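# Descriptive structure summary
Chain by chain, the residues:
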Amino acid sequence: MTNDMCASHCCSSLNDATFMGTELRKECYCSNAPNNDSFVKTELSECNEPCGGNSDEFCGALYRLSLYSLDCSPETIVPSVSKVTTESTLHCLQINNTVWTEEELAEKLYLLRNAISIDKKGTKLYRATKMSAYDPRKSSRNIGIVGIIVLVVPVIFVVVIDVHRICQ
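Now for a quick tour of the structure. (Residues numbered from 1 in each chain as written. Predicted model: local features only at pLDDT ≥ 70, side-chain atom pairs only at ≥ 80, totals over all residues. Heavy atoms only, no water.)

## Some points on the nonpolar core
To keep it simple, the criterion reads: Nonpolar core, defined: a set of buried Ala, Val, Leu, Ile, Met, Phe, Trp, Tyr and Cys residues in which side-chain atoms within 4.5 Å join the residues together. For every residue, the accessible area obtained with a 1.4 Å probe (protein chains only) is divided by the maximum for its type, and the residue is called buried under 20%, exposed over 50%, and partly exposed between those limits. Only DSSP runs of H or I with at least four residues qualify as helices, and only runs of E with at least two residues qualify as strands; both kinds are numbered from the N terminus onward. Residues are treated as being in contact if the distance between any of their heavy atoms lies within 4.5 Å.
By size, the foremost hydrophobic cluster in this structure holds 10 residues: Cys6, Ala7, Cys10, Cys11, Ala17, Met20, Cys28, Tyr68, Leu70 and Cys72. In terms of residues, this core owes the most to one element, helix 1 (residues 3-13), which gives four residues. With near-sequence residues (within four places) excluded, Cys10 lies in contact with Ala17, Met20, Cys28, Tyr29, Cys30 and Leu70.

Structure follows, in structure tokens:
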């Protein structure tokens, strides 16, 4: 793998590729992100692994991605990566991190807080009255009816037998 090979791959598989990156001598990543503002940048010196196909170029490192800006315009026969050397590397990125903007993080936090909130008033009401929650399913109603029948039928049977004995 070389940076030129990765750029060529990105432009052929993703027509509107805007960035490409290499990692660990042989891995190639493509992106059509509009900008690189949300990427987690690290020191350029951390992307120090030579490319497998050209030891004069650097292809990231372990969990580090050498990032390059791409121009995949149709007129360009070979994609322009503006001389892929260490000097033209835009950034060395730390990968395997989820990057959220402040607004996205605030929204996710709001949703999580609402999802785990407890209705304290309802909880105190049930604890004070020791009532179980209403269950609208037919199966629960039927189980309750069968339970009452199982308890009442033997009592009625005993009462009928006793009345029959008294009447004899």
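## Quick look at the side chain of Thr22
Rule in force here: N or O atoms closer than or at 3.5 Å make up a polar contact, with two conditions inside protein: a donor-capable atom paired with an acceptor-capable one, and, for residues adjacent in sequence, both atoms drawn from side chains.
With respect to the element layout, Thr22 can be found in strand 1 (residues 19-23). The buried category is assigned to Thr22, whose relative accessible area is 0%. Side chain to side chain, Thr22 and Asn3 meet in a polar contact 2.9 Å long.

## Quick word on the pairing of strand 2 (residues 27-31)
Keep this limit in mind: For two strands to count as paired, DSSP must find a minimum of two bridges between them.
Across five bridges, strand 1 lies against strand 2 in antiparallel orientation. Looking at the pairing, Glu23 lines up with Glu27 of strand 2. Here strand 1 hands over to strand 2 after three residues, with Leu24 in that stretch at a positive phi of 50 degrees.

## A closer look at the state of the cysteines
For clarity, the threshold we go by: Cysteine sulfur atoms that pair up within 2.5 Å are treated as a disulfide.
Tallied over the full model, the rule gives three disulfides. One disulfide in the model links Cys10 with Cys30; its S-S distance is 2.0 Å. Since a negative S-S torsion denotes a left-handed disulfide, the Cys10-Cys30 link at about -85 degrees is left-handed. Of the two residues, Cys10 is situated in helix 1 and Cys30 in strand 2; the sequence distance between them amounts to 20 residues. Residue classification places Cys10 among the buried positions, given a relative accessible area of 0%. Between the sulfur atoms of Cys51 and its disulfide partner Cys59 the distance amounts to 1.8 Å. Taking the sign of the torsion about the S-S bond as the criterion, the disulfide between Cys51 and Cys59, at about 90 degrees, is right-handed.

## Quick look at the side chain of Glu57
Position of Glu57 among the secondary structure elements: in the loop between strand 3 (41-42) and strand 4 (64-69). A distance of 3.0 Å separates a polar atom in the side chain of Glu57 from the backbone nitrogen of Asn3.

## Describing unusual backbone geometry
The phi angle at Arg25 is positive, at roughly 70 degrees, despite the residue not being glycine. Tracing the backbone through its elements, the reader meets Arg25 in the loop between strand 1 and strand 2. Judged by relative accessible area, Arg25 falls into the partly exposed class, the value being 36%. A positive phi angle is found at Tyr63, which is not glycine, with a value near 60 degrees. Mapped onto the fold, Tyr63 is located in the loop between strand 3 and strand 4. By relative accessible area, which is 42% here, Tyr63 ends up partly exposed.

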